[in-house]
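A structural walkthrough
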Amino acid sequence: MQSGAAPAETTFQRWSRRMSLYVLAPLLVLAALPVSVHIIQKPDFGMAVHRQRVESVDPDGPAAQAGLLAGDRLLAAGDVVIASTHDWHAYLASDYSYEARRLTLARDGQTFPAIVVPEPPSQRRMIHDMSIWLAGLSFLMIGWYVHSLRYDAVGRNFFGLSMVFAFFLADVVSMPSPAYQHFKQILREVLQYLWPVFFLRFFLMFPATGAVAAGRGGRLLFLPAAVLTLFTLVADSAGLAEDSLAVTIAQGVALLYFLAFFAAGLVVFARKVLRRDRVILHTKLRVILLGLLCGLVPFLVTFAVGGGMLPEFPNWEYLGFSLLLVPVSFGLAIMRYGALDTAFVVRTSLIYGVLTVIVLAAYLLGIGVIGSLLDATLETNTYPVMVLAIAACSLAVLPMRRRVQGWVDATCYPSRRANREAVTALGRALAVQVDADEAHGMLLARLHDLYRPQRLSLFLALDPEMGLLTEIGRQPEQLEPATDLSLDEPVLRFLDRLRRPVFTEEFEDWACGSASCLEERTSLPDDTVLLIPLVTSNRLFGILAWGPKSGGDLYSQEDLANLANLALQIAPVMQSLRLHAASLRQRQLETELGVARDIQAQLLPTSALETSGVRIWGRNDPCRQVGGDYYDYFHLMPGRSVGFCIADVAGKGIPAALLMTTVRVTYRELARPGVTPETVITELDRRVGEVLSGGRFISFFYGVLDLQQMLLTYCNAGMEPPLLFRKDGRSESLRRGGTVLGIGAGIPYRRGTVRLHEGDLLLGYTDGITEQTSPDGEEFFELERLHSMVAHGRDQAPEALCSHVFSRVDAFGGDEASDDRTVIILKML
């Protein structure tokens, strides 16, 4: 759930984002993955070396046992001359064995040899290093996810910050090449110069993009980093010594720059945290502050214990995993819209706390029991078991999270389920209303009872051609005249752009925060704090404008989720009721069927969908003025996946049309990102089975196309199998799924998958096409004729091919249609 509207990307920004997401980030992951193996295998010499000098020696470590002291100068390792830190790291990367090493050192002007026998890394060190490595990858993955959905300056700077942290925490693989180690060190220094800029720019801009830092002034912040980077490259090319005067001065300037930018970022962060007039911003920054405290403090404790500044205590090395809370808190604050209320934070913490306990218990079981058993019986090293345990626990996190979340909600938050069920029941109650005014009153009254807002207003588009939203009702009822809102108002354009619940504070931050911007939304009630959009037929049909809660509480994340789901359910219902009410006032019984036909047509897509090499088009011709056929297509996740369906309700005319409307509302509620087709079909079967009378059933095909992998997943519930025409002339039918909906067969639905390629074409159709009879009733149009016609015309655009199909069927059947006809065509461009 994106927290702000991203401005339109320039061509450079779009390509740089794609390069960052799909080239740089994967390269960093590939370079960091071998580090996890090196953490387990890397020999421990018990000393740290910098600039040929032994900086520190671990007590009782291999170096100490060989007689090495801090301050000794390392001259050679075996036959390898050690002239710099790069030579030493290249030597370490060349040999991961635990055999004795002959080192040549100098002390007090005397050269002497030393035999050091490296040891395998201790389990505590491995766990500590692994926690840092996982934290680095977590930063990268969360930064990647944020930037893939949020294209603005906040998303770009957070991704840059995440890349830098990932490089330092996860590290990249070392290689036995001094030149490579030298390049790695130069890259490390450049990133050290960049991360203060990303840090400061992020806090200047977060959470909105209208801050001054997003403009030229923000880009000037990169100037010190650019100057220091240039000096580093020049100094390296000139071969300046690390202890030369110029390098020493540059290091001092870099330190001042680092401290200044870091302090400025903290000041900006503190000022925003202390602001009380921006409630949503305050809650988000509190979450970040909590993540920083809970993530960094235990992590720093592990360093203190490992460095001997604090006494050891049992399992202290596991505290390093707390660092994972830092990227999680940042990602949560960026991507969650609305206020991050205390209840949401506590519930989320409880869920992940329980999940962490389960994962750690499974890990300790794998290490303590299975590892010890293997070690005792087979004398096998327990390190591979540790790696397998970590991998297994990581893979189990996502499915376990859902189960833990359900258990926590059922045990600790029964009111959460009660609220969700109350909102769902309201949506279902409205779906069976026939009087628009009664439905409006029921909606406002029940929502007011549930949430107790000081004011709640419903605005609807009574006449779409006028471009106005008219206040239909309010709670509590007041005597002020109804208000009209122009759809051209900036706040409504902003709402129509996001199409999810929006706080007015978010709009003010996004726009510019100045008085002139605020004056542009004065037609809204003054106490409005939250807007819920009602979107149907791909346009903004109405809004629910909420005032503050009577008790002063914030609208929680749970409230927003429930209201967003309710809006999806009631928007088409409200539109249907308004159109139905208008038809009763304007027309007699003879014209009502025409209005119903218009209502049904508005529930279907009115334009083609084209995105990422795919174009979808459909057409529906009922045999009467209204019918029971249905098709739909829409973005599940813009730029990442699309969903489409085709359905046939048994019967014709008004009964079939009414049932089709119910199916459409239920389907659009269920078809969500991440929900598999067979899951949607199974739940749709359960729900329509509750309202279908005996002998009625529905055929339904639902498919989801992953635009990145061009992989189609589908489930066919008794529908005429769609035909897939391959570019090379082959064809196949998509049959996998199960029985028709509503018969209560109880047979599990199955998922089908098929990969699509450029030039492929998918044709879905109802039996009104193939079962169209000739005028004499002696012959059917039949599948073979349809297959041959589409195979010869599949190079046409979907719209042209669809028109050709209907023209041929019309010519075959004469003036009378035997049944409702529907076709949907998906073509890979």
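Scroll up for the structure.
Residues numbered from 1 in each chain as written. Predicted model: local features only at pLDDT ≥ 70, side-chain atom pairs only at ≥ 80, totals over all residues. Heavy atoms only, no water.

Notes on the overall build of the chain
A tally of helices and strands in the chain yields 25 helices and 24 strands. Looking at the chain residue by residue over its 829 residues, the buried ones come to 49%. Considering only contacts within the chain whose residues lie at least 6 apart along the sequence, 67% involve residues at least 24 apart. A total of about 38600 Å² of accessible surface is found on the chain, and carbon and sulfur atoms cover 60% of it. (Helix = DSSP H or I, 4+ residues; strand = E, 2+ residues; numbered from the N terminus. Buried < 20%, exposed > 50% of the residue type's maximum accessible area, 1.4 Å probe, protein only. Contact = heavy atoms within 4.5 Å. Areas by Shrake-Rupley, 256 points an atom, 1.4 Å probe, with all protein chains shown as cover.)

Thoughts on the pairing of strand β3 (residues 73-77)
The pairing of β3 with strand β5 (residues 101-107) spans 4 bridges and is antiparallel. Looking at the pairing, R73 lines up with A106 of β5. Bridge count for β3 against strand β4 (residues 80-81) is 2 bridges, and the pairing is antiparallel. Paired with A77 across the two strands is V80, which belongs to β4. Adjacent in sequence and paired antiparallel, β3 and β4 are bridged by 2 residues, among which G78 carries a positive phi angle near 65°. (Pairing = 2+ DSSP bridges.)

Details of the packing of aromatic side chains
Throughout the structure, instances matching the rule amount to 27 aromatic pairs. Centroid distance Y22 to W144: 6.1 Å. Interplanar angle 80°. Geometry classified as edge-to-face. Here Y22, found in helix α1 (residues 11-41), pairs with W144, found in helix α4 (residues 123-149); they are 122 residues apart in sequence, far enough to count as distant. With a relative accessible area of 44%, Y22 lands in the partly exposed category. For W144, a relative accessible area of 23% gives the class partly exposed. (Phe/Tyr/Trp six-rings, centres within 6.5 Å; stacked < 30°, edge-to-face > 60°.)

Looking at the pairing of strand β1 (residues 47-50)
Regular strands place side chains that alternate from one sheet face to the opposite one. Residue alternation in β1 divides its side chains into a buried set, M47 and V49, and an unburied set, A48 and H50. Bridge count for β1 against strand β2 (residues 53-57) is 4 bridges, and the pairing is antiparallel. If you follow M47 over to β2, its bridge partner there is V57. Taking the residues that link successive antiparallel strands as the turn, the β1-β2 hairpin has 2 residues, and the phi of R51 there is positive, at about 55°.

Description of helix α6 (residues 178-205)
Compared with the 40 Å implied by 1.5 Å per residue over 28 residues, the 40 Å span of α6 between its first and last C-alpha is a close match. For α6, the principal kink sits at L194 and spans about 25°; a proline, P196, occurs within the next four residues. (Expected span 1.5 Å × (residues − 1). Bend = angle between axes of the 7 residues up to and from the residue.)

Remarks on the sheet that holds strand β14 (residues 614-621)
Read from one edge to the other, the open sheet built from 6 strands follows the order β13-β14-β24-β23-β19-β20, with strand pairing classed as antiparallel. Here the strands that pair on one side only, and so sit at the sheet edges, are β13 (609-611) and β20 (731-733). For this sheet, the mean inter-axis angle between neighbouring strands, taken without regard to orientation, is 15°. Taken together, the 3 bridges between β13 and β14 define a ladder with antiparallel strand orientation. Note on β14: the bridge partner recorded for T611 is V614. The sheet strands contacting helix α25 (residues 798-813) are β14, β23 (761-765) and β24 (821-828), and the helix crosses β24 at an angle near 150°. (Axes fitted to C-alpha atoms, helices over the stretch in contact; angles between N-to-C directions.)

Describing the sheet that holds strand β9 (residues 484-486)
As summarised here, the arrangement of the 6 strands in space is β9-β8-β7-β12-β11-β10, forming an open sheet in which the pairing is antiparallel. A strand with exactly one partner marks an edge of an open sheet, and here the two such strands are β9 and β10 (502-503). In the sheet, strand β7 (residues 456-460) pairs with strand β8 (residues 468-475) via 5 bridges, with the strands oriented antiparallel. Bridge pairing in β8 places S457 opposite R474. Where helix α15 (residues 436-451) meets the sheet, its contacts fall on β7, β8 and β12 (539-546), and the angle it forms with β7 comes to roughly 150°.

A look at the packing of helix α24 (residues 783-793) against α25
At their nearest, the axes of α24 and α25 sit 11 Å apart, and the two run at 145° to each other. Of the two possible hands of crossing, α24 and α25 adopt the one that is right-handed. Residue-level inspection shows R785, L786, M789, V790 and G793 of α24 in contact with α25, the latter providing L801, H804, V805, R808 and F812. Taken together, the residues that form the contact of α24 with α25 break down as 6 nonpolar, 2 polar and 2 charged. (Left-handed = near helix turned anticlockwise from the far one by under 90°. Nonpolar A, V, L, I, M, F, W, Y, C, P; charged D, E, K, R; others polar.)

Points about α25
Its 16 residues give α25 an end-to-end C-alpha distance of 23 Å, which sits within 8% of 22 Å, the value for a rise of 1.5 Å per residue. Within α25 the residues assigned to the buried category are P798, L801, C802, V805, F806, V809, F812 and G813. Take α25 and look down its axis: the buried residues cluster within an arc of 135°, on one side only. Check the buried side of α25 and you find it contacts β14, β23, α23 (767-770), α24 and β24. G814 lies just past α25 and shows a positive phi near 80°. (Arc of directions from axis to C-beta.)

Details of the nonpolar core
Core analysis: the biggest nonpolar cluster contains 50 residues, and Y667, F700, Y702, L705, L741 and L826 have the highest contact counts within it. Elements with a minimum of two residues in this core: β14, β15 (629-637), β16 (641-649), α21 (653-670), α22 (677-691), β17 (698-706), β18 (711-717) and β24. Residue contacts for L741: discarding those within four places in its chain leaves I681, L684, D685, V688, L692, F697, I698, F700, A717 and Y749. Membership of the second largest hydrophobic core comes to 49 residues, among which are I132, V164, L228 and F261. (Core = buried A, V, L, I, M, F, W, Y, C linked by side-chain atoms within 4.5 Å.)

Let's talk about the side chain of T536
The topology assignment puts T536 in strand β11 (residues 530-536). Residue classification places T536 among the buried positions, given a relative accessible area of 2%. Here the side chain of T536 touches Q575 through a polar contact of 3.4 Å, side chain to side chain. When residues no more than four places from it in sequence are discounted, the contact partners of T536 are F541, A571, P572, Q575 and R664. (Polar contact = N/O pair within 3.5 Å; in protein donor to acceptor, adjacent residues only side chain to side chain.)

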